[in-house]
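Per-entry structural report
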Amino acid sequence: MSSSSRTEGPRSGAAAGDTDNWLTKLRLQTPKSVYFDGEVRPWEEAVFHVSSEAVLRGLSVFEGVKGYWQPNGDFAFLLLERHHERLMRSARLLHIPPTADYDEFERACFQIADALLEPENDLWIRATLFVVEGHYGVGTVANLVLTAYQSEKRPPEPIDIGVSTWQRSADLAMPARIKMASNYQVARLARIEGRARGCDDMVLLNQFGRVAEGTGACMLVVRDGCVYTPPASEGALESITLDVVEDLCASAGIDFVRRPVERSELYIADEVGIVGTLAEVTTVRSVDGMALPDEAPILSALLRHYRSAAMGLDPHPSVELSVVPR
Ligand code: PMP
């Protein structure tokens, strides 16, 4: 990729938040139903006590699960078993009892989908284990809660990002591989910082100053035809979508390497993207106001492959689909 297609200086035009991207898509919906305490109930009934550790210490682990309408009119969730496994790993690391087995998890996803699916939208579920009883690890009891949100069917649009002054916590402080609510406090700070700087999303660096991840997605950097991503040991969540993208790269003959990524590589890369359940493969237009090349051929192709597999148009063995019973 030649450097002549780069433009200098911050992009002009839209202010942060103007882009209709994966970060803004799900904002502030109030669905009519929620899965709480073993069944689907009205939204208002999903309450627990102010003295619970979920409230006092923000103690919960969760998963974001996406489902897509299929060509035959079915609706299917992606990689449910992988999400359940990671939920159980997160719970284990925080000494939360394994509250829902896979069958209950799957049933809960199907039930909330049944209650909320709209033909014109896909659906994203936040499946959370909230700690509702117990004290500092004694007598811990969790409740599986599912909230689900309408997600537009359109692919994500390119975004502008920055590098945050906030940092991903070290493994000995708050392990990034635990998908727990409190890990997102730093993401919140970074997004507030990003909004003031005209960025749609922010990169968090780790304690060594290398790239850890985005606020809700992992990072991809393309250089000379090879896709690089920082391994989880750099402070990234163990992303399920990233594993899929690795397999899609293998199928398409694209080199994919997990290795540390330095901050300066973000500015000179041929392509930069973020990857995750909601982000899918979102391409990046600029980093800290420095424009990237106009075209992102490799990441755009990966986005197409990913969506085709998720939507059942071009199935891929790594994109396992669980069809909601009709
Ligand atoms: N990092 C963070 C901090 C995330 O919140 C997410 C979204 N779950 C990801 C990475 C991507 O993970 P996945 O591909 O499993 O959605």
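Summarised in this report is the structure supplied together with it.

In the vicinity of the ligand lie 15 residues, with Tyr184, Glu213, Ser239, Thr241 and Thr277 positioned nearest. Take Lys179: an N or O atom from its side chain is 2.9 Å from a nitrogen atom of the ligand. For the ligand, the accessible surface in isolation is 390 Å², of which the surrounding protein chains cover 95%. For the shell around the ligand, the secondary-structure elements that each account for two or more residues are helix H6 (240-252) and strand E13 (271-276). Tallied by class, residues from the shell around the ligand come to six nonpolar, six polar and three charged.

It is worth spelling out the pairing of strand E7 (residues 159-167) at this point. With three bridges joining them, E7 and strand E14 (residues 280-287) adopt parallel strand pairing. Across the sheet, Asp160 pairs through a bridge with Ser286, a residue of E14. As defined by bridge partners, E7 adjoins strand E8 (residues 201-205) across four bridges and the pair is classed as parallel. Bridging from a neighbouring strand, Ile161 pairs with Asp201 of E8. In this view, the connection linking E7 to its parallel neighbour E8 by way of helix H5 (residues 184-196) has right-handed handedness.

Evaluated as defined, the whole model comprises six aromatic pairs. Their ring planes at 15° and their centres at 6.4 Å tell us that Phe36 and Phe48 sit as a pair that is stacked. Remark: Phe48 occurs in the loop between strand E2 (39-42) and helix H2 (53-56) and Phe36 occurs in strand E1 (residues 33-36); sequence separation between them is 12 residues. You can call Phe48 partly exposed: its relative accessible area is 29%. An aromatic cluster is built from Phe36, Phe48 and Phe130, whose rings are joined through pairwise contacts.

With that settled, the discussion passes to helix H3 (residues 80-93). Relative to the 20 Å expected for 14 residues at 1.5 Å per residue, H3 spans 20 Å between its end C-alpha atoms, a close match to the ideal helical length. At the exit of H3 stands His95, carrying a positive phi of roughly 60°.

Turning our eyes to something else, we now look at the environment of Val47. Among the secondary structure elements, Val47 is positioned in the loop between E2 and H2. Counting along the chain gives 11 residues from Val47 to Phe36, while the straight-line C-alpha distance between them is 8.7 Å.

This next bit is on the pairing of strand E4 (residues 75-78). Every second residue of E4 is oriented toward a common face, with Phe75 and Phe77 on one face and Ala76 and Leu78 on the other, all of them buried. Two strands pair when backbone bridges link them, and strand E3 (residues 60-69) and E4 are joined in this way by three bridges, in the antiparallel orientation. Paired with Trp69 across the bridge in E4 is Phe75. The antiparallel pairing of E3 with E4 creates a hairpin that spans five residues between the two strands, and Gly73 there sits at a positive phi of about 90°.

Here Thr282 lies in strand E14. For Thr282, a relative accessible area of 0% translates into the label buried. Polar side-chain contacts of Thr282 include one of 2.6 Å to the backbone oxygen of Ala279.

Definitions and cut-offs
The residue numbering used here restarts from 1 in each chain and proceeds along that chain's sequence as written. At least 70 in pLDDT is required for a residue's local features to be given in this predicted model, at least 80 for side-chain atom pairs to be given and counted, and no such filter applies to totals for whole chains, interfaces and linings, which use all residues. The basis for every side-chain value is the complete set of non-hydrogen atoms in the structure, without hydrogens or water. Nearness is defined per residue: one heavy atom within 4 Å of the molecule or strand is enough. Pairs of N or O atoms are called polar contacts if they sit within 3.5 Å, as long as, within protein, a hydrogen donor faces a hydrogen acceptor (for residues adjacent in sequence, only side-chain-to-side-chain pairs). Exposure was quantified through the Shrake-Rupley algorithm and a 1.4 Å probe, taking into account, for residues, occlusion by the shown protein chains and nothing else. Helix and strand assignments come from DSSP, with helices taken as H or I runs of at least 4 residues and strands as E runs of at least 2, each series counted from the N terminus. Gly is placed with the polar residues, together with every amino acid not listed as nonpolar (Ala, Val, Leu, Ile, Met, Phe, Trp, Tyr, Cys and Pro) or charged (Asp, Glu, Lys and Arg). For two strands to count as paired, DSSP must find a minimum of two bridges between them. The handedness rule is simple: strands pointing away from the viewer, and a clockwise path from the first strand over the helix to the second, make the crossover right-handed. Ring geometry is summarised as follows: Phe, Tyr and Trp rings, the Trp one being its six-membered ring, pair when their centres sit within 6.5 Å, and such pairs are stacked at plane angles under 30 degrees, edge-to-face over 60 and tilted between the two. Relative accessible area decides the class of each residue, using a 1.4 Å probe on protein chains only: under 20% of the type maximum gives buried, over 50% gives exposed, and in between gives partly exposed. For a helix, the expected span equals 1.5 Å multiplied by the number of residues minus one.

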